[in-house]
Every structure is written in structure tokens, then in C-alpha cells.
Amino acid sequence: MEINLTKSLIKACFDAKDLVDMMPELPKGVTPLAIRILDTIEQLTREQGCAHPRDVAKARKLALPSVTRSVKALEKLGAVKKETDPEDRRFIKLTLTPLGQSWYDKYVDHFYQNYANALGNISEADAKIMIDVITKMNQAMRVCTKEEFYGRNS
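Residues numbered from 1 in each chain as written. Predicted model: local features only at pLDDT ≥ 70, side-chain atom pairs only at ≥ 80, totals over all residues. Heavy atoms only, no water.

1. Remarks on the environment of T31
Thinking step 1. Looking at the secondary structure, you find T31 in the loop between α1 (3–21) and α2 (32–48).
Thinking step 2. For the pair formed by T31 and K76, sequence separation is 45 residues and the distance between their alpha carbons is 14 Å. (Helix = DSSP H or I, 4+ residues; strand = E, 2+ residues; numbered from the N terminus.)

Dropping the structure here:
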């Protein structure tokens, strides 16, 4: 790839990061990962009728201990309720509390709906191309070690 096009591609990635930085400030003690977990709990509950920690980990491609820590923190904040699954007592069922639902509404549902409305002039085909290009860039850059990429003296 030609160097000026590469520079433009990287600049576009910085522009994309600026969009992510426009997300509303989260409540104290709430991480972006916690919001993604709330989103996954809501989605799994809608699709399957319930959400288990293992299902959340699988859906988000996360290690189960990471999900367990985040769920514990969300439970302590009062956003998630854990209970034994009545259909199989070996499993823990996760549900959003009214607080968790309000966070989901504000930081997921309303946020992405507003973005979708603002981005209405971008075609679905263009959006899919952008997703594909960024994914390919990420994969290409991950195969290089820092020494290979920047040189041994960096």
C-alpha cells in the first residue's frame, strides 16, 4: 500500500476513536466492559429467555473469570441480580435490575439509536466495507511484534 494512503487510513482510525470518545460519561465505578456486559445480558435474555455468565463470556469472546469479576462489580453497584436458575440449579441466571436496565437504555439503546440516526447517510455496504477494512488492519498489525514493526532500538 502507498504510504500516503496508509497515513490516511491511520488518520481515519484516529477519527473513529474520537467518535468512541463521544460516548456519554459513565457512572462512577462503571467501565465500558460493564456496559458491554449489560448489553449482552439484555440481548441474551431477549433471544434465549435468560443469560448465564458462561453465555455472556462466549458471546463477548471473553474469559469467564473476567465476566465473573465484572458481573460481581455490577451486582455490587445494584445493576445486575444473580440467582440460581430454577430450571437447572447448577447455573446462575443474570438479570438486569431497574438500575441496570436504565443504564442499558441510556448507554446502549439510546446511544446507538442516536448514532444510527446521525449516520443515516452512510450506506450499509459502505459500513460493511469499513468494518472489513478495520478488521483486516487489526489482524495484519497483530502479526508483527513491536521489535519487527518499530525496529530493535525503539
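Back to the write-up after that little detour.
2. Notes on the packing of aromatic side chains
Thinking step 1. Summed over the entire model, instances satisfying the criterion amount to two aromatic pairs.
Thinking step 2. A ring pair is formed by F111 and Y112, whose centres lie 5.0 Å apart and whose planes are at 85°; its orientation type is edge-to-face.
Thinking step 3. Relative accessible area serves as the criterion here: at 10%, F111 is assigned to the buried category.
Thinking step 4. With centroids separated by 4.7 Å and ring planes inclined at 40°, the aromatic side chains of F111 and Y115 adopt a geometry described as tilted. Taken together, the residues span about one helical turn, with F111 and Y115 both in helix α5 (residues 98–118) at a distance of four residues.
Thinking step 5. Following the ring pairs from residue to residue traces out a cluster consisting of F111, Y112 and Y115. (Phe/Tyr/Trp six-rings, centres within 6.5 Å; stacked < 30°, edge-to-face > 60°. Buried < 20%, exposed > 50% of the residue type's maximum accessible area, 1.4 Å probe, protein only.)

3. Looking at helix α3 (residues 53–60)
Thinking step 1. Those residues of α3 that fall on the buried side of the exposure criterion are P53, V56 and A57. Down the axis, α3 shows its buried residues gathered within 100° of arc, on one side only. When the buried face of α3 is taken as reference, the exposed residues oriented beyond 90 degrees from it are R54 and K58.
Thinking step 2. Taken together, the buried residues of α3 touch α2, α4 (64–77) and β2 (92–96).
Thinking step 3. Once α3 finishes, K61 follows within two positions and takes phi at roughly 55°, a positive value. (Arc of directions from axis to C-beta. Contact = heavy atoms within 4.5 Å.)

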